[in-house]
Amino acid sequence: MILIPPITFDANEGFATIIMIALILLYCMLPKRIPLPIALLIMIFNSYLGRAVDNILSSSYPFNVYDSMDTPNYDLFDFLLYTIPFPLVGYFYVYFYDKYPIRAPFQFIHILVWSIASVGFEALAVTFSVFHYYRWEISYSFPVYLLTFGLNTILYSLAKKHYKNWQPQ
């Protein structure tokens, strides 16, 4: 697979680069409280979930409701977005979920806050032309984020519960 570089390095690549650097720095600065196997599981899950959903929604047939970056083609910055921000946002979600445990039924508030923040951040990304909507509205993203963070909650809870069984005896 050859990753096509951007035609011009403009606002969307600049915005994406700044966000990626900021997320990597935040990851490096935070104490490591999530065991590495669980952290990798969460990051890989979010990377592939983002790829799968975006491939379905931005493919040429039958949907193509939006594109990301400068072209409808998969390019270097599409790869970087799926490889850095998507996994790290999922990691930060479970990091703070673990750091500030909330019992049910209030767990939904955690999911709700992260979903609202994600919609706000996506709106900011749209202003920098990271996403180009055709038949998509920002409000459609909200239930997607609710589902995504809900799945992250379930995955993290199961992984944490069974982590001791993964340890070598």
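Residues numbered from 1 in each chain as written. Predicted model: local features only at pLDDT ≥ 70, side-chain atom pairs only at ≥ 80, totals over all residues. Heavy atoms only, no water.

## A look at the layout of surface pockets
- Roughly 800 Å³ of volume is contained in the largest pocket.
- What lines the largest pocket is a set of 33 residues, among which Phe86, Ser118, Glu122, Phe131 and Tyr145 lie closest to the centre.
- Elements supplying a minimum of two residues to the lining of the largest pocket: helix H1 (11-29), helix H2 (36-57), helix H4 (85-99), helix H5 (107-127), strand E2 (131-133) and helix H6 (138-166).
- Broken down by class, the residue content of the lining of the largest pocket amounts to 24 nonpolar, 7 polar and 2 charged. (1 Å grid on protein atoms, 1.4 Å probe; cavity = no way out; pocket = protein on both sides within 12 Å on 5 of 7 lines; lining within 4 Å. Points joined across faces, edges and corners; volume = space filled by probe spheres on them. Helix = DSSP H or I, 4+ residues; strand = E, 2+ residues; numbered from the N terminus. Nonpolar A, V, L, I, M, F, W, Y, C, P; charged D, E, K, R; others polar.)

## As for the UniProt feature "transmembrane region" (unreviewed entry) in the chain
- The UniProt entry lists residues 14-30, 37-57, 77-96, 108-134 and 140-159 under the feature "transmembrane region" (unreviewed entry), expressed in the numbering used here.
- Between the end C-alpha atoms of residues 14-30 there is a gap of 24 Å, over a span that is 94% helix and 0% strand.
- Between the end C-alpha atoms of residues 140-159 there is a gap of 29 Å, over a span that is 100% helix and 0% strand. (UniProt positions renumbered as here; feature names shortened; annotations may be inferred.)

## Brief notes about the packing of H2 against H4
- In contact at an axis separation of 7 Å, H2 and H4 are set at 130° when each is read in the N-to-C sense. It follows that H2 is oblique to H4 by the angle criterion. The chirality of how H2 crosses H4 is right-handed. When H2 is examined against H4, the residues Ala39, Ile42, Met43, Asn46, Ser47, Gly50 and Asp54 are found in contact with a partner set consisting of Phe86, Pro87, Leu88, Gly90, Tyr91 and Val94.
- Within the contact of H2 with H4, the residues separate by chemical class into 8 nonpolar, 4 polar and 1 charged. (Axes fitted to C-alpha atoms, helices over the stretch in contact; angles between N-to-C directions. Parallel < 35°, antiparallel > 145°, perpendicular 65-115°, else oblique. Left-handed = near helix turned anticlockwise from the far one by under 90°. Contact = heavy atoms within 4.5 Å.)

## Some details on the environment of isoleucine 18
- Summarising the element assignment, isoleucine 18 is placed in helix H1.
- On the basis of relative accessible area, isoleucine 18 is assigned to the exposed category, the value being 59%.
- On a C-alpha basis, the gap between isoleucine 18 and glutamine 107 in space is 31 Å, while along the polypeptide they are 89 residues apart. (Buried < 20%, exposed > 50% of the residue type's maximum accessible area, 1.4 Å probe, protein only.)

## With respect to unusual backbone geometry
- For methionine 69, which is not a glycine, the phi torsion comes out positive at approximately 60°.
- Summarising the element assignment, methionine 69 is placed in the loop between strand E1 (66-68) and helix H3 (76-83).
- Even without glycine at this site, serine 129 takes up a positive phi of about 65°.
- In this fold, serine 129 is placed in the loop between H5 and E2.
- Under the relative-accessibility criterion, serine 129 is labelled partly exposed at 31%.

## A look at the packing of aromatic side chains
- Using the criterion set out here, one finds 21 aromatic pairs in the structure.
- Arranged with centres 5.5 Å apart and planes meeting at 90°, the rings of tyrosine 93 and tryptophan 114 form a pair that is edge-to-face. In this pair, tyrosine 93 sits in helix H4 while tryptophan 114 sits in helix H5, placing the two residues 21 residues apart along the sequence. The pair formed by tyrosine 93 and tryptophan 114 is uniform in burial state, with each residue classed as buried.
- Taken together, the ring pairs connect Tyr27, Tyr91, Phe92, Tyr93, Tyr95, Phe96, Tyr97, Tyr100, Trp114, Tyr145, Phe149 and Tyr156 into an aromatic cluster.
- The cationic tip of lysine 32 hangs over the ring face of tyrosine 27; the distance from NZ or CZ to the ring centre is 4.2 Å. (Phe/Tyr/Trp six-rings, centres within 6.5 Å; stacked < 30°, edge-to-face > 60°. Lys NZ or Arg CZ within 6 Å of the ring centre and 35° of its normal.)

## Here's the deal with the pattern of salt bridges
- All chains considered together, the criterion is met by 2 salt bridges.
- Linked by salt bridges that have partners in common, Arg33, Asp98 and Lys160 make up one network. (Salt bridge = Lys/Arg side-chain N within 4 Å of Asp/Glu carboxyl O.)

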